[in-house]
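Next come the chains, spelled out residue by residue.
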Amino acid sequence: MIGGGAGGSVAPSQKLRDVKGGGPAESRWKTGLAEFDFVLGGGLVPGSMILVGGEPGIGKSTLLLQIAARLEGAGHRTLYVSGEESALQIRLRADRLSDRASDVELVGETLLETVIATAVAMSPSVLIVDSIQTVFTADLDGPPGSVGQVRECSARLMRFAKDTGTTVFVVGHVTREGGIAGPKTLEHIVDTVLYFEGEGMLDHRILRASKNRFGSVDEIGVFRMSATGLLPVSNPSALFLDGRMDDASGSAVTALIQGTRPVLIEVQALAAKAGFGTPQRVATGYDSRRLALLLAVLDKRAGLSFSQLDVFLNVVGGIRLQDPAGDLAVAAALASSLHDIPVGVDTLFLGEVGLGGEIRPVSQSERRLAEAAKLGLRTAYMAERGTPSRENPEIRAVGVRTIAVLFKHLFR
Ligand code: TYD
Ligand code: MG
């Protein structure tokens with residue numbers, strides 16, 4: 001007897017080339033909801049497990065019912081398990097949708113053993129569990145929604161997905177505070193984590209991947225919640241710039257590369273007399289340390305002092321501005337608010353700002369300029385070294401070396 005393997009049986013192994021399936025594109029199932037397929041990396045991978053997280057009421061059940069309807073329509077049998085709502089409630093939701101969901105198979109069940117037995121009997125291509133917080137296994141004592149239950153049920157659903165080749169979606173609620181037994185505890189178990197997010201009262205929704213074994217995590221999908229369900233927004237730039245005030249100070253536009261496409265967004269800054277105590281710095285959609293750094297650069301390199309002022313920075317539309325190319329727009333918005341002089345509605349800012357106040361070129365500037373031109377912007381301030389060699393007749397590229405030079409252009 002050798003080592004500690006006593007009593008184990010021999011597992012069959014195989015050459016990697018003999019493993020069945022693969023071939024990236026052809027083996028994916030498309031829902032035809034372009035923004036959704038896009039975020040997944042080109043459609044669903046059979047046998048994968050996808051977590052869809054989001055706050056209650058954001059539209060997760062609506063999204064998944066639409067996905068179910070479309071997959072069913074494309075010939076992939078879909079089983080929708082709901083522990084959240086009655087069959088009638090789901091039927092009423094389905095009746096509102098423009099996607100025809102009437103063929104989707106529905107079961108109201110929360111005992112995981114029954115859910116899996118039902119799925120085994122029906123052998124659907126896609127299983128949707130809405131939500132992971134409502135199912136439980138009889139093998140554990142904890143109540144549904146407890147960390148132990150959520151983990152164990154997810155692990156078993158994952159095994160079911162891998163054993164049968166069924167694609168499994170699970171819905172997970174998150175609360176503003178991050179959730180107790182929420183999606184965070186199962187991110188490492190599943191293949192793909194999608195978050196569905198919205199901004200306050202606005203009706204647009206952003207779907208983003210925070211983990212994806214089968215695609216990029218940079219893509220976003222944008223939808224609008226309508227009276228007949230979620231509609232894909234094929235031109236997010238127009239949406240994010242919609243509602244911009246003409247000639248308001250403190251507003252500047254930049255072009256980000258989100259995954260594979262350029263998206264225009266507005267940055268708003270407000271510098272106002274500080275009240276009592278330490279001035280506030282509040283950033284939404286932007287890193288607050290980066291804001292502190294840019295304020296220091298504005299002070300030191302352009303003589304703009306914010307030390308007696310509260311500073312609020314907001315990236316419009318629920319977008320997170322992480323691309324360094326957005327620095328220049330943030331700097332311009334801050335300076336514009338301080339001077340109370342608008343920078344011009346048809347102006348684009350593109351550039352990373354260095355500690356010396358120098359403006360550095362950004363990647364893919366021609367694509368960003370083209371997107372801006374498409375949306376009617378006419379002037380782009382960018383790094384001197386980064387101006388495109390080929391002129392775009394629709395948008396004038398102005399090369400500037402430092403933020404101090406930029407501010408001379410803008411505010412003199
Ligand atoms: P829902 O999918 O139930 O959210 P979640 O599953 O994330 O909790 O959607 C909730 C909201 O969406 C609800 O307030 C009603 C709204 N809604 C519409 O505006 N249009 C529609 O067609 C549907 C189905 C829902
Ligand atoms: Mg729901």
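Shown above is the structure to which this text applies.
Residues numbered from 1 in each chain as written. Chains lettered and ligands numbered in written order. Predicted model: local features only at pLDDT ≥ 70, side-chain atom pairs only at ≥ 80, totals over all residues. Heavy atoms only, no water.

A closer look at the overall build of the protein
Applied cut-off: What counts as a helix is a DSSP run of H or I of at least four residues, what counts as a strand is a run of E of at least two, and both are numbered from the N terminus. A 1.4 Å probe rolled over the protein chains alone gives each residue an accessible area, and that area as a share of the maximum for its type sets the label: buried under 20%, exposed over 50%, partly exposed in between. A contact between two residues is defined here by any heavy atoms of the two lying within 4.5 Å.
Helices and strands together make up the secondary structure of the protein, namely ten helices and 18 strands. Overall, the protein is about 80 × 55 × 50 Å in size when its C-alpha atoms are taken along their principal axes. Buried positions account for 48% of the 412 residues belonging to the protein. The contacts in the protein between residues at least 6 apart in sequence include a share of 68% that link residues at least 24 apart.

Some details on the packing of aromatic side chains
Quick reminder of the rule: Planes of paired rings set the category: under 30 degrees apart is stacked, over 60 is edge-to-face and the rest tilted, where pairs are Phe, Tyr or Trp rings (Trp by its six-membered ring) whose centres lie within 6.5 Å.
In this structure the tally under the stated criterion is four aromatic pairs. Between the aromatic rings of Phe196 and Phe223, the centroid separation amounts to 6.1 Å while the plane-to-plane angle is 75°, which identifies the pairing as edge-to-face. Highlighted residues: Phe196 in strand 6 (residues 192–198) and Phe223 in strand 8 (residues 220–226), separated in sequence by 27 residues. Comparing Phe196 with Phe223, the two get one shared label, buried. Arranged with centres 5.8 Å apart and planes meeting at 20°, the rings of Phe349 and Tyr381 form a pair that is stacked. You can see Phe349 sitting in strand 14 (residues 347–350) and its partner Tyr381 sitting in strand 17 (residues 379–383), a full 32 residues away along the chain. Overall, Phe349 belongs to the buried group, its relative accessible area being 0%. Judged by relative accessible area, which is 9%, Tyr381 ranks as buried.

Points about the environment of Val400
The topology assignment puts Val400 in strand 18 (residues 396–400). Counting along the chain gives 70 residues from Val400 to Val330, while the straight-line C-alpha distance between them is 16 Å. In this structure, Val400 is in contact with Ile359, Tyr381, Met382, Ala383, Glu384, Val405, Leu406 and His409, ignoring residues within four places of it in sequence.

A word on the packing of helix 4 (residues 112–122) against helix 5 (residues 147–164)
Put simply, the rule reads: Lines fitted to C-alpha atoms define the axes, with helix axes restricted to the stretch in contact, and inter-axis angles between N-to-C directions lie between 0 and 180 degrees. Small angles under 35 degrees read as roughly parallel and large ones over 145 as roughly antiparallel, with 65 to 115 read as roughly perpendicular and the rest as oblique.
Remark: helix 4 packs on helix 5, axes separated minimally by 11 Å, with the N-to-C direction vectors making an angle of 10°. Judged on the interaxial angle alone, helix 5 and helix 4 are roughly parallel. Of helix 5, the residues touching helix 4 (which contributes Leu112, Glu113, Ile116, Ala119 and Val120) are Cys153, Arg156, Leu157 and Phe160.

Points about the pairing of strand 13 (residues 309–315)
Heads up, the rule is: For two strands to pair, DSSP has to find at least two bridges joining them. Here a crossover is taken to be right-handed if, once the strands point away from the viewer, the path from the first strand over the helix to the second is traced clockwise.
Burial within strand 13 is extensive, with five of its seven residues counted as buried. The sheet contact formed by strand 11 (residues 261–273) and strand 13 spans seven bridges and is antiparallel. Pairing of Lys273 across the sheet is with Leu309, part of strand 13. Across four bridges, the pairing between strand 12 (residues 281–284) and strand 13 is parallel. By the bridge assignment, Val282 is partnered in strand 13 with Phe312. Running through helix 7 (residues 288–302), the crossover from strand 12 to the neighbouring parallel element strand 13 is left-handed.

Remarks on helix 7
Quick note on the threshold: Here a helix's expected span is defined as the number of its residues, less one, multiplied by 1.5 Å. What the arc covers is the set of directions going from the helix axis to the C-beta atoms.
Over its 15 residues, helix 7 runs 20 Å from end to end, which matches the ideal 21 Å to within 8%, given 1.5 Å per residue. Of the residues making up helix 7, those classed as buried are Leu291, Leu294, Leu295, Val297 and Leu298. Buried residues of helix 7 fall within an arc of 160° about the axis and therefore sit on the same side. Set apart from the buried face of helix 7 by more than 90 degrees, the exposed residues are Arg289 and Lys300. Residues of helix 7 that are buried make contact with strand 12, strand 13, helix 8 (327–339), strand 15 (352–353) and helix 10 (403–411). At the C-terminal side of helix 7, Gly303 shows a positive phi close to 65°.

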